[in-house]
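# Topology and contacts: notes
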Amino acid sequence: MSQSYSELFARLGLSIDEQLIELALTHRSFAYESGGIPTNERLEFLGDSVLGIVITDNIYRAHPDLPEGQLAKMRSAVVNARALASVARELHLGDYLRLGKGEEATGGRDKSSILADTVEAVIGAIYLGCGLEAARTFVIQHFQALLVEAQTLGAGLDWKTSLQELTAELGVGVPTYSITEQGPDHAKEFYAQVVLGERLYGHGTGSNKKEAEQIAASSAYAELLAEHDSQQ
């Protein structure tokens, strides 16, 4: 095991098979330039699900009286590109990334979108190499500050306002919402998407328009951040 991975494992709080952690750190740009070797995208897919269930389980148990809509907002405050990238930076994952020359030259080691994906891949590697409980411990430990912040925000978390502030900051226009509905009058379901110019961002489903719009706004917020970071 290299010294660099020893330092990384110390930050992670556990050890993983070296080949597995190396795969988790392999961006598709590096894989392409290396002749099509495996990328971290499958581990990212797995880690996304593991992260989702751990965070959802945590806030579900911590807030037994909150409705589904508020739980969804709290989860979105933790599971989004900006939050994941902040965890990656605390772990110095950018120092260990395997990037292609193009991504390296354009600052890929500090792109929020790449860092967020890498955190999910690392979580996937921990799950495969050490099991669900080790992955749960890692997530709770390293996402604790974000969980506390989300719980403090609670019902006051207004994603539509946050999205409007972000779009103003990025200069991409004012968000509007496309709403469709289905189902009988006594059990309608609403589906929302954010409209910016001629493009659609995010999606959200709820039992009323307000809930669907809030969830769509949180999803669009994460998409816009990732898109902005990829252009830097």
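Note: the structure precedes this text.
First, a word on scope: everything that follows refers to the structure included in this document. (Residues numbered from 1 in each chain as written. Predicted model: local features only at pLDDT ≥ 70, side-chain atom pairs only at ≥ 80, totals over all residues. Heavy atoms only, no water.)

### Things to note about the packing of helix α6 (residues 81-90) against helix α8 (residues 112-130)
The relative placement of two packed helices comes down to the angle between their axes together with the axis-to-axis distance. In the contact formed by α6 and α8, the axes pass within 7 Å of each other and the chain directions differ by 75 degrees. Overall, the two elements α6 and α8 adopt an arrangement that is roughly perpendicular. Where α6 abuts α8, its residues Ala81, Leu84, Ala85, Ala88 and Arg89 lie against Ser112, Leu115, Ala116, Val119 and Glu120. When grouped by side-chain class, the residues that make up the contact of α6 with α8 number 7 nonpolar, 1 polar and 2 charged. (Axes fitted to C-alpha atoms, helices over the stretch in contact; angles between N-to-C directions. Helix = DSSP H or I, 4+ residues; strand = E, 2+ residues; numbered from the N terminus. Parallel < 35°, antiparallel > 145°, perpendicular 65-115°, else oblique. Contact = heavy atoms within 4.5 Å. Nonpolar A, V, L, I, M, F, W, Y, C, P; charged D, E, K, R; others polar.)

### Looking at a nonpolar patch on the surface
A cluster of nonpolar residues, Tyr127, Leu128 and Leu132, forms a patch on the protein surface that exposes about 260 Å² of accessible area. With respect to the helices, strands and loops of the structure, Leu128 is situated in helix α8. (Patch = residues over 30% accessible without salt bridge, like charges linked within 9 Å, V, L, I, M, F, W, Y side chains within 5 Å. Areas by Shrake-Rupley, 256 points an atom, 1.4 Å probe, with all protein chains shown as cover. Salt bridge = Lys/Arg side-chain N within 4 Å of Asp/Glu carboxyl O.)

### With respect to the side chain of Thr167
Here Thr167 is to be found in helix α11 (residues 159-170). In terms of polar contacts, Thr167 uses its side chain to reach the backbone carbonyl oxygen of Gln164, at 2.9 Å. Within the structure, Thr167 has its side chain in polar contact with the backbone oxygen of Gly173 (distance 3.2 Å). (Polar contact = N/O pair within 3.5 Å; in protein donor to acceptor, adjacent residues only side chain to side chain.)

### Observations concerning the packing of aromatic side chains
Within this structure, the stated rule accounts for 1 aromatic pair. Above the ring of Tyr177, the side-chain terminus of Lys160 is found at 4.8 Å from the ring centroid. (Phe/Tyr/Trp six-rings, centres within 6.5 Å; stacked < 30°, edge-to-face > 60°. Lys NZ or Arg CZ within 6 Å of the ring centre and 35° of its normal.)

### So, α11
Spanning 12 residues, α11 covers 16 Å between terminal C-alpha atoms, matching the ideal 16 Å at 1.5 Å per step. All of the buried residues in α11 are Trp159, Leu163, Leu166 and Thr167. Each buried residue of α11 sits inside an arc of 95 degrees when the element is viewed along its axis, so together they form one side. The exposed set on the far side of α11, more than 90 degrees from its buried face, consists of Glu165, Ala168 and Glu169. (Expected span 1.5 Å × (residues − 1). Buried < 20%, exposed > 50% of the residue type's maximum accessible area, 1.4 Å probe, protein only. Arc of directions from axis to C-beta.)

### Section: the pairing of strand β2 (residues 189-196)
Burial along β2 is one-sided: the residues Phe190, Ala192, Val194 and Leu196 are buried and none of Glu189, Tyr191, Gln193 and Val195 is. Where strand β1 (residues 176-182) folds back on β2, the antiparallel hairpin that results is connected by 6 residues, among which Gly183 adopts a positive phi of roughly 95 degrees. Across 6 bridges, the pairing between β2 and strand β3 (residues 199-206) is antiparallel. When the bridges of β3 are listed, Ala192 appears paired with Gly204. (Pairing = 2+ DSSP bridges.)

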